[in-house]
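Next come the chains, spelled out residue by residue.
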Amino acid sequence: MARTAKGIFTGLLLAGLLLPGLATATTATVQEIATASAEGQEALPIENHRCLRCHADQEEKFSVARDGSRNNIYVDPKVLEHSVHGKVACVGCHKDVTKLPHKKPLAGSIGCVECHKQEMGKLGKDADPKKRERLGVVLEQTENYLHSSHARPNPKDQSRVSAACHDCHDAHNIGTVGTAQRAEHRLQNPEVCGRCHEKQKDDYLGSIHGKAIVEKKDDKSAVCSDCHTTHAIGSPKDDPAKLAITKNCGSCHKDAQRTYLSSYHGQVHQLGYTNTAKCYDCHGGHTVKKGDDPTSEVHVNNRLENCRSCHKNANDNFLAFQPHGDPDNKEKYPGLWWAKRFMQALILGVMVFFWVHVLLWLYRELMDRIRGKGFKENLDQPDIVYFRRFTPVWRWIHALFAIATMALVLTGTSLLFSHTDWAKAVVTFLGGPKMEGIIHRTAAVIWLSIFLVHLAIVTVNIWRKRDTFNWFGGTSLVPSLTDLRDLKNMFLWFFGRAERPDFCHWTYWQKFDYWAPFWGATIIGSSGLILFFPEKTAEFLPGWVFNIATLVHAEEALLAAIFLNTVHFFNVHFRPERFPMSTAIFTGAIPIEEFKHDHRLEYERLLAIGELEKHLVKRPSRRADLAASFLATVLIVAGLTLLTLVLIGTTTMH
Amino acid sequence: MRNTLLALILAGRAGTAAARGNIEVLARTCNSCHGVGGVSAGATMPSIGGLPRDYLSNIMKQWKYDERSAITMNRIVKGLSNDEIDALAAYFAQQPWVPVPQKANPETLARGKTEVDNNCADCHGASGGDPDVDAPPLNGQWARYMELELQKYQSKEFKMPHRKMRKAAQQAKPADASAAARHFGAQGR
């Protein structure tokens, strides 16, 4: 035991003494070795020309071992000279050669990693920046390699790694960037990888990529490393490799990737999840061929089978789906193009009109306040009488509607804006796209249920008052000519050319808020149901409907999200008379003075018919008021947060 | 069963002993020229004890099949089977290499060293004592013998199947080749 310990100690001591010397020798150039030798060592310096006497002998390119195996020992001196290692001494890498003749066979391992690290360490401050940059790339790739599956123990022989540097790189023939050697190495890439990955190589050689490389010598065609990366190679069964491969397809096929990433398949993928169709799932990986090739997986005869690998019950209608549908390509996808133009015009029209309305309203109220006009709360005599605007049913319906809508916007836009970091964080927090889908669909069911329940209540209410119900009266939400007049008068007021118009029970902007979800429910609801049940939909609708549905669902939802969190928030909460918020939809009541100001016609009507008293209530308790303020604050902050996220997503979308 | 195994093992060992005995007898025929244990006493006769087995076996077979020129050795080895050649090669390879350092004038030695460093050391080692797998040790080999061999290699009619050695010999000036031989001959262990 003691002897062993002593031996180890001696070994460490020797290693400590020898290592600095070795470190110097690691990167020694020919010149350095010659000089060192001349300083008194007996052994002849092992200069490259001595090595090349045997290794550049064209008549004996192979050495034959005792077991009869042949080993290529040939090094082309011209190639070596032009290699990035051309000025490095042979023994700088082959460190086990300490004398000539050397032992045979040579050690297989060459310390590439260590040598490059030392080379970087040796660079002074005034070193050539290009050299530093290239060495930086080498070290980065080295680091990638060390974490790759190639650097793990070979399953068939645990004593060695799956692939070492020299298995892929011909160290005597590493060209600098832009050289012919480099181009040649690229063309050889499938051959090099195919030494181990034989089946993949055979598949690849039959593909459009492989044929271009082998038959046409087209070095722009994809080689193995273009898709699998050069050094950070992971198992294709793992997510990082799947994500990297799909990303790398886009290095050449930019348009295809752009359109893929805007589809549901691509959005989920971009969030970092791989359980939707990826490029190679449809096009084939190594066997990828042109779409008109009958053996291609995306050929029209094979496509349905392809879809069925995920959509088990896919029928012929699936074939009309456009996986790379581009709403900006009018020639190829006119339907999608028109759908996008229509939705954009709608969004632009609505938003421009209402934003102008908002700005003018803000301007007018501010001007009025400066002049001491407009509604102001009398702090000396606060209202103790309130007008009941909303019964508990409507308050509940509004609260649930607001929460469901926000949940829908959050889960929907995190898919739509899957390129953003916030979307990735949200989806991770929610537990992945599957959970996100469940939440989205649950919220959608709640939303539609509320909508239908509301319709039922409205129908019953109107039916009960069917004899006296005034469809176009001041208490009806049905739009009328009065709304147009009110709108005109509001604009006149905005410009200071008339007094502020008086309103009855509902104002025109409140009616707009009420009717907008009918349009939204039709567009978003129907497109949502189509996307909710793709296989059922395909039983009676062609596949391109999914493309239209995906587009209008997203555009309409964006319109709703931006409208609600800007225009609706301003009209109800943020205009100076209401700022910072109105809690009427939570408490159900507004101060009588405020009611008089906002709904004078209704106030006067009720007073005239003697029914005002029926609608008056006490001021909500302090606790109810606080609770309502708290709830309103939470919803407003949530809404503004969503608006911010949506704006980040919209402005960063490519 | 156990007895049968024992008998087989004993028979095998006896056979090995007999074979060794035969080779020693056969090797005695070599000793008359190459010296006892393959250490030659004559300046034109090479020492062969301690040469690499593969080298010895290879060179004898080349003589046997007339792939390499010789005056006497090709006749002698034609009387040997390949197994006997292999056994003789193994026998002489087991003998210690005994250099016989020979004197030479300093100028020749210096010239020889230069020639060796330039053309011989990569295969035979700088002193001839650290040869490659297919090259024999030359330290303390008889210089005159090496000189004569090199002269033969320089002749184009002489069959010398080792391409690199033939090329090296043909490229060297006769005086340099001679000096290199003197240099190797002067080396000890």
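Remember, it's a predicted structure, so these values are computed and weren't measured experimentally. (Residues numbered from 1 in each chain as written. Chains lettered and ligands numbered in written order. Predicted model: local features only at pLDDT ≥ 70, side-chain atom pairs only at ≥ 80, totals over all residues.)

J.: Whenever I open this one, the domain arrangement of chain A confuses me. Can you help?
T.: Reports often express the size of an interface as the amount of accessible area lost when the parts come together. We note that the domain assignment places domain 1 (23-107), domain 2 (142-233), domain 3 (235-310) and domain 4 (334-373 + 393-652) within chain A. Taken over C-alpha atoms, the centre of domain 2 of chain A sits 57 Å from the centre of domain 4 of chain A. (Domains from an automatic or database assignment.)

J.: Just to check I follow, could you spell out unusual backbone geometry for this structure?
T.: All names here are of chain A. In this chain, Leu 100 is followed by Pro 101 through a cis amide linkage whose omega measures -5°. You can see Pro 101 is positioned in the loop between helix H5 (90-93) and helix H6 (112-122). Of note in this structure, Lys 217 is not a glycine but carries a positive phi near 55°. Mapped onto the elements of the fold, Lys 217 is located in the loop between helix H11 (208-214) and helix H12 (224-228). With a phi close to 70°, Thr 229 is a non-glycine residue in the positive phi region. Relative to the helices and strands, Thr 229 resides in the loop between H12 and helix H13 (239-252). (Helix = DSSP H or I, 4+ residues; strand = E, 2+ residues; numbered from the N terminus.)

J.: Any chance you could explain helix H2 (residues 53-64) of chain B here in plain terms?
T.: Owing to its 3.6 residues per turn, the α-helix brings residues three or four apart onto one side. All names here are of chain B. Here H2 is twelve residues long and its end C-alpha atoms lie 16 Å apart, about the 16 Å a rise of 1.5 Å per residue gives. Among the residues of H2, those classed as buried are Tyr 55, Leu 56, Ile 59, Met 60, Gln 62, Trp 63 and Lys 64. Elements in contact with the buried residues of H2: helix H3 (73-77) and helix H4 (82-94). Downstream of H2 by one or two residues, Asp 66 has phi in the positive range, about 55°. (Expected span 1.5 Å × (residues − 1). Buried ≥ 20, exposed ≤ 12 C-beta atoms within 10 Å, placed from the backbone. Contact = placed C-beta atoms within 7 Å.)

J.: Before we go on, may I ask you to explain the nonpolar core in this structure?
T.: For soluble globular proteins, the rule of thumb is that nonpolar side chains tend to be buried together. Residue and element names in this part refer to chain A. Ranked by size, the top nonpolar core spans 45 residues in total, and within it Ala 557, Leu 558, Ala 561 and Phe 563 carry the most contacts. At the level of elements, helix H18 (334-370), helix H19 (392-416), helix H20 (421-430), helix H21 (433-464), helix H23 (508-532), helix H25 (544-574) and helix H30 (622-652) are the ones that each hand at least two residues to this core. If one sorts the elements of this core by residue count, H25 sits on top with 17 residues. A domain split of this core shows at least three residues from each of domain 3 (235-310) and domain 4 (334-373 + 393-652). Every residue in contact with Ala 561, bar those within four places of it in the chain, is listed here: Val 409, Leu 642 and Val 646. (Core = buried A, V, L, I, M, F, W, Y, C linked by C-beta atoms within 7 Å.)

J.: Honestly, the domain arrangement of chain B in this entry has me stumped. Any pointers?
T.: Residues and elements named next belong to chain B. The assigned domain composition of chain B is domain 1 (2-94) and domain 2 (106-185). The interface of domain 1 with domain 2 comprises 13 residues on the first partner and twelve residues on the second. Of the residues in the side of domain 1 that touches domain 2, the class split is six nonpolar, five polar and two charged. (Nonpolar A, V, L, I, M, F, W, Y, C, P; charged D, E, K, R; others polar.)

J.: Please clarify how the sheet that holds strand S7 (residues 616-618) of chain A should be interpreted in this entry.
T.: Sheet strands pair via backbone hydrogen bonds, and the direction of the pair is either parallel or antiparallel. Residues and elements named next belong to chain A. With antiparallel pairing, the three strands of this open sheet are ordered in space as S6-S5-S7. Edge positions in the sheet fall to strand S6 (589-591) and S7, since each has one partner strand and no second. Averaged over all pairs of adjacent strands, the angle between strand axes in this sheet comes to 45°, irrespective of strand direction. Note that strand S5 (residues 385-388) and S6 share three bridges and pair antiparallel. What sits directly across from Arg 388, in S6, is Ala 589. (Pairing = 2+ DSSP bridges. Axes fitted to C-alpha atoms, helices over the stretch in contact; angles between N-to-C directions.)

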